Amino acid sequence: MKRQPAAEENTDFEPIPVETRLGNALSQTPLLDIHTHLYDPAMGKMLLWGIDDLLVYHYLVSEVFRYLPVPYEDFFALDKEQQADFIWNELFIQHSPISESCRGVITTLNMLGLDVNKRDLKNIRKWFSKRTVEEHVNDVFELGNLRGVVMTNSPFDREEIQIWKRGFKRDSRFLAALRVDPLLINYKDTVPFLREQGYDVRPELDETTRSELRRFLSEWADKIDPLYLMVSLPPEFTYNVETSRHRLLTKVVLPFCRERKMPFAMMCGVTRAVNPSLQLAGDSMGRSSIESVENLCRTFPENKFLVTVLSRENQHHLCVAARKFRNLHPFGCWWFNNIPTLIDEITNLRFELLGLSFTPQHSDARVLDQLVYKWTHFKESLILTLGEKYSALEASGWEISDKDIQRDLKGLLGGEFETFCREESQNK
Ligand code: HDL
Ligand code: ZN
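Residues numbered from 1 in each chain as written. Chains lettered and ligands numbered in written order. Predicted model: local features only at pLDDT ≥ 70, side-chain atom pairs only at ≥ 80, totals over all residues. Heavy atoms only, no water.

Participant: Report on the site of ligand 1, specifying residues and quantitative values.
Facilitator: Looking at ligand 1, the residues that line it are His35, His37, His58, Tyr59, Arg179, Met267, Arg272, Trp334, Trp335, Asp364 and Arg366. Within the side chain of arginine 366, an N or O atom sits 2.6 Å from an oxygen atom of ligand 1. Classifying every residue of the shell around ligand 1 gives 4 nonpolar, 3 polar and 4 charged. (Near = heavy atom within 4 Å. Polar contact = N/O pair within 3.5 Å; in protein donor to acceptor, adjacent residues only side chain to side chain. Nonpolar A, V, L, I, M, F, W, Y, C, P; charged D, E, K, R; others polar.)

And the structure:
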């Protein structure tokens, strides 16, 4: 017997639309943002916030050059405010701000209570100038309904090293992650830096070097208490036992993560500096080898792998790989995927292949205020995609309670990630 929609069975009441129920549940589910480039407010100027940082975000820099015939170096020679003026005028005044990064600025300013339709950058600047970072952090976390963000902490960043060496009182909402790109991407060039930091390492991975590298990771992990170790990898990264990168990964990094029961996060598919003149905005992408991810998950069943990929073409295979390896946890619609069209597509793929056993989004925010729009825009999409899944489920005869919805959202918005971090990898 085909299930009649509830409304026909009982005409004296209209069921609450699932999107409304999802919206209500979302407002009661504070989220954990598992990858950002934000910093604890106690780390001072490393935490970017305010209108000028919002406008000179590298996503907008690459977009403004598409209209501006000026030489790159002339733009970068301007100070931050002048660059922001340029971007505001070109991307918001001369053209409608319809790109995701531009619309994000509008969403954020509007949700902060500013009247963007005055289109008055001077007045917006004045509003921000009266804010303190403490009140701004609280307001942004409240607007985005966040309970925490994970930073990207680099033991290779001289400014950041100094701050950790000085020490500071941590804000518990800002969790740490240990970023090791220089170790795994260009180890040989990193040897002098490591030696200068007091580690007796050499280009060859002899036993002393391997134990010194493990000491380096241990000392930083003891200092910052990271949730995971992270690296971003080029599209050409493959599981190749002949490479020194493979030896570093399998003899130093993965054993360290196993010992600490810490996931290893791989962000696959970034091609750095395809246009170096664009500086931070100059990176691009390529297709990665998900087979290499599968080889790592199979060969190291006691390691846990958090993986996100930059290529749309890799997304389906990543979901299939996650069906084969429970020590593989896909996360986020990373960078060039963080647009409504692809968020919907990727999240639907994941719901349909993985159920709820993944983390659908991280913000990658570089500027505190971006948390507001990146999460607001994502929730708009989540209400549609998850709402559709719930409606399809109800049409198939399964009733979804508000408690079910709250439980599912709690998992998607940080709970599944925290379980994955806590658990021993069962993939033995
Ligand atoms: O490598 C990364 O963590 C990337 O997220 C880059 O930081 C990139 O510049 C970025 O901000 N993407 O959103
Ligand atoms: Zn990032």
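Resuming the write-up.
Participant: Please provide a residue-by-residue account of the packing of aromatic side chains, values included.
Facilitator: Within this structure, the stated rule accounts for 18 aromatic pairs. Relative to phenylalanine 76, the ring of phenylalanine 65 lies with its centre 6.0 Å away and its plane at 45°, an arrangement referred to as tilted. A residue pair is termed long-range when its members are at least 10 positions apart, and phenylalanine 65 in the loop between helix 4 (58–64) and helix 5 (72–76) and phenylalanine 76 in helix 5 qualify at 11 residues. A residue is classified by how much of its surface remains accessible, and phenylalanine 65, at 11% relative accessible area, is buried. Ring geometry for tryptophan 335 versus phenylalanine 336: centroids 4.9 Å apart, planes at 20°, classification stacked. We classify tryptophan 335 as buried; its relative accessible area is 11%. A cation over an aromatic ring shows up here: arginine 173 above the ring of phenylalanine 141, its NZ or CZ 5.1 Å from the ring centre. A cation over an aromatic ring shows up here: lysine 223 above the ring of tryptophan 220, its NZ or CZ 4.9 Å from the ring centre. (Phe/Tyr/Trp six-rings, centres within 6.5 Å; stacked < 30°, edge-to-face > 60°. Helix = DSSP H or I, 4+ residues; strand = E, 2+ residues; numbered from the N terminus. Buried < 20%, exposed > 50% of the residue type's maximum accessible area, 1.4 Å probe, protein only. Lys NZ or Arg CZ within 6 Å of the ring centre and 35° of its normal.)

Participant: Outline helix 8 (residues 121–129), listing residues and values.
Facilitator: Given 3.6 residues to a turn, an α-helix orients residues that are three or four positions apart in the same direction. Those residues of helix 8 not exposed but buried are Leu121, Ile124, Arg125 and Phe128. For helix 8, the angular spread of buried residues about the axis comes to 100°, placing them on one side. Along helix 8, exposed side chains directed more than 90 degrees from the buried face belong to Lys122, Lys126 and Ser129. Of the surrounding secondary structure, the elements contacted by the buried residues of helix 8 are helix 3 (51–55), helix 6 (80–93), helix 7 (100–111) and helix 9 (133–144). The distance from a side-chain oxygen at the start of helix 8 to the backbone nitrogen of lysine 122 is 3.1 Å, and the residue carrying that oxygen is aspartate 120. (Arc of directions from axis to C-beta. Contact = heavy atoms within 4.5 Å.)

Participant: Now, about the sheet that holds strand 5 (residues 264–268): what can you tell me, with residues and values included?
Facilitator: If you walk across this open sheet you meet the 7 strands as 1-2-3-4-5-8-9, and the pairing is parallel. In this open sheet, the two strands that pair with only one neighbour each are strand 1 (31–33) and strand 9 (328–330). Each neighbouring strand pair of the sheet contributes to a mean axis angle of 25°, computed without reference to strand direction. Of the pairings in the sheet, the one linking strand 3 (residues 174–179) to strand 4 (residues 226–233) comprises 3 bridges and is parallel in character. Paired with leucine 178 across the bridge in strand 4 is leucine 229. (Pairing = 2+ DSSP bridges. Axes fitted to C-alpha atoms, helices over the stretch in contact; angles between N-to-C directions.)

Participant: For the packing of helix 9 against helix 18 (residues 370–395), give the residues involved together with the corresponding values.
Facilitator: Interaxial distance between helix 9 and helix 18 falls to 8 Å at its minimum, and their mutual angle equals 5°. Relative to helix 18, helix 9 is oriented roughly parallel. Together, Val140, Phe141, Leu143 and Gly144 of helix 9 and Leu371, Val372, Trp375 and Lys379 of helix 18 make up the contact between the two elements. Taken together, the residues that form the contact of helix 9 with helix 18 break down as 6 nonpolar, 1 polar and 1 charged. (Parallel < 35°, antiparallel > 145°, perpendicular 65-115°, else oblique.)

Participant: I'd like a rundown of the coordination of the zinc ion (ligand 2), residues and numbers included.
Facilitator: Within the first shell, the zinc ion (ligand 2) binds the protein through His35 (NE2), His37 (NE2) and Asp364 (OD), at distances of 2.1 Å. Counting along the primary sequence, the residues that act as donors to the zinc ion (ligand 2) give the motif H-x1-H-x326-D. One end of the pair, histidine 37, is in the loop between strand 1 and helix 3; the other, aspartate 364, is in the loop between helix 17 (340–354) and helix 18, with 327 residues separating them in the sequence. A relative accessible area of 15% means that histidine 37 is categorised as buried. (Donors = N, O, S within 2.8 Å, 3.2 Å for Na, K, Ca; no water.)

Participant: Could you give an account of the nonpolar core, with specific residues and numbers?
Facilitator: Residues Leu183, Leu229, Phe264, Met266, Phe305, Leu328 and Leu371 are the most contacted members of the largest nonpolar core, which totals 92 residues. Of all the elements, helix 18 adds the most residues to this core, at 8 residues. Excluding residues that lie within four positions of it along the chain, leucine 371 makes contacts with Asp33, Leu38, Val140, Phe141, Leu146, Val149, Ser363 and Ala365. (Core = buried A, V, L, I, M, F, W, Y, C linked by side-chain atoms within 4.5 Å.)

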